[in-house]
Amino acid sequence: MSVKVFSEKDYITTEWNGGKTTQMYISPKNENYGERNFKLRLSSATIATPISKFTEFNNMDRILMTLDNKIELEHGEHKKIMLNPFEPHYFAGDNKTISRGCCVDFNVMLQRNSYTKAELFHNGAGQFDLYADADDCFLYVYEGSYKVITKNGNYSLDASQLMHLGDFSAGKIIRSNIHSKMVVCKINW
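Residues numbered from 1 in each chain as written. Predicted model: local features only at pLDDT ≥ 70, side-chain atom pairs only at ≥ 80, totals over all residues. Heavy atoms only, no water.

### Thoughts on the environment of Met182
- As for its placement among the helices and strands, Met182 is situated in strand S19 (residues 181–188).
- Taking the relative accessible area as the measure of exposure, Met182 reaches 1% and is therefore buried.
- Apart from residues no more than four positions distant in its own chain, Met182 is found in contact with Phe121, His122, Asn123, Phe128, Leu139, Tyr140, Val141, Tyr146, Leu157 and Ile173. (Helix = DSSP H or I, 4+ residues; strand = E, 2+ residues; numbered from the N terminus. Buried < 20%, exposed > 50% of the residue type's maximum accessible area, 1.4 Å probe, protein only. Contact = heavy atoms within 4.5 Å.)

### Looking at the pattern of salt bridges
- Inspection of the entire model under this criterion finds eight salt bridges.
- Residues Lys9 and Asp10 are paired through a salt bridge, measuring 3.4 Å at the closest nitrogen-oxygen approach.
- Overall, Lys9 belongs to the exposed group, its relative accessible area being 71%.
- In this structure, Glu72 and Arg100 form a salt bridge, with 3.5 Å as the shortest nitrogen-oxygen distance. Of this pair, Glu72 sits in strand S7 (residues 71–75) while Arg100 sits in strand S10 (residues 97–100), placing them 28 residues apart in sequence.
- Accessibility expressed as a relative area gives 32% for Arg100, which makes it partly exposed.
- Through salt bridges with shared partners, a single network forms among Asp61, Asp94 and Arg112. (Salt bridge = Lys/Arg side-chain N within 4 Å of Asp/Glu carboxyl O.)

### Looking at the sheet that holds strand S16 (residues 153–158)
- Taken together, four strands build an open sheet; the order of strands is S13-S18-S15-S16 and the sheet is antiparallel. Strands at the two margins of the open sheet, each flanked by one partner only, are strand S13 (127–130) and S16. Sheet twist, expressed as the mean angle between neighbouring strand axes with direction ignored, is 20°.
- Of the strand pairs in this sheet, strand S15 (residues 145–150) and strand S18 (residues 171–175) are connected by five bridges, and their pairing is antiparallel. Pairing of Tyr146 across the sheet is with Arg175, part of S18. (Pairing = 2+ DSSP bridges. Axes fitted to C-alpha atoms, helices over the stretch in contact; angles between N-to-C directions.)

### Things to note about the sheet that holds S19
- Pairing is antiparallel across the open sheet formed by five strands, whose spatial order is S1-S17-S14-S19-S12. On the outer flanks of this sheet lie strand S1 (2–6) and strand S12 (117–122), each paired with one strand and no other. Going from strand to strand, the sheet's axes swing by 15° on average, the running direction of each strand aside.
- In terms of strand pairing, strand S14 (residues 136–143) meets strand S17 (residues 162–166) through five bridges, oriented antiparallel. Its bridge partner lying in S17, Leu139 is registered against Met163.

Here it is in C-alpha cells:
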C-alpha cells in the first residue's frame, strides 16, 4: 500500500476566467496542465463570477462537485442541470459549458479511455468503511478533520489536505466533528 498526503504547500494555484483553480494532484507527476498531456488531475476551484465559461478539455472526462453552493450548469444550448452541494456531475470535458452561480468545487479530470471506472462521492456519516474496490483512492478534506485507519497505520487529515491511497486494503474513516466534510474519489484503471 502506498500513502501520500498533500497539503497547500504542494498545490499550484492559477487564475481561470471564473476565479482561481488549485491543482492538488496530477499524474503522471511531471505532466503539464497547460499542455493537456495528463492522465488524471484533481483540483478545487472557485467560481467567483455569476456567469462563467468553463475551459474546454478535448479527450477528457470530468466529474464536478460543488462543495458549498448550488449552481446551474449548461452544456451546449439545451442541456441544463442544477447541481446541489456534494452531488457529482459527470460530463465530457470538450462540452461547451457555462455555469451560473458562485461556489467552491472539487474537479476530477480523466483522460478519456484511460480508466474503466471513476466515482466521486461525499459520505456524511460520522464514520464509514472504505472498501478496497479501486486501484487508486483520494480523500479530500474540505472542512474539519478526519482520522483514517488502515491495516498499515493510522493517519490524521485536516482541512485542505488530500490523501492518495494506492494499492490499499479496506479501512475506516472517522470524522472529528459534525461540521467536517470530505469527498472521496475512487478510480479503476
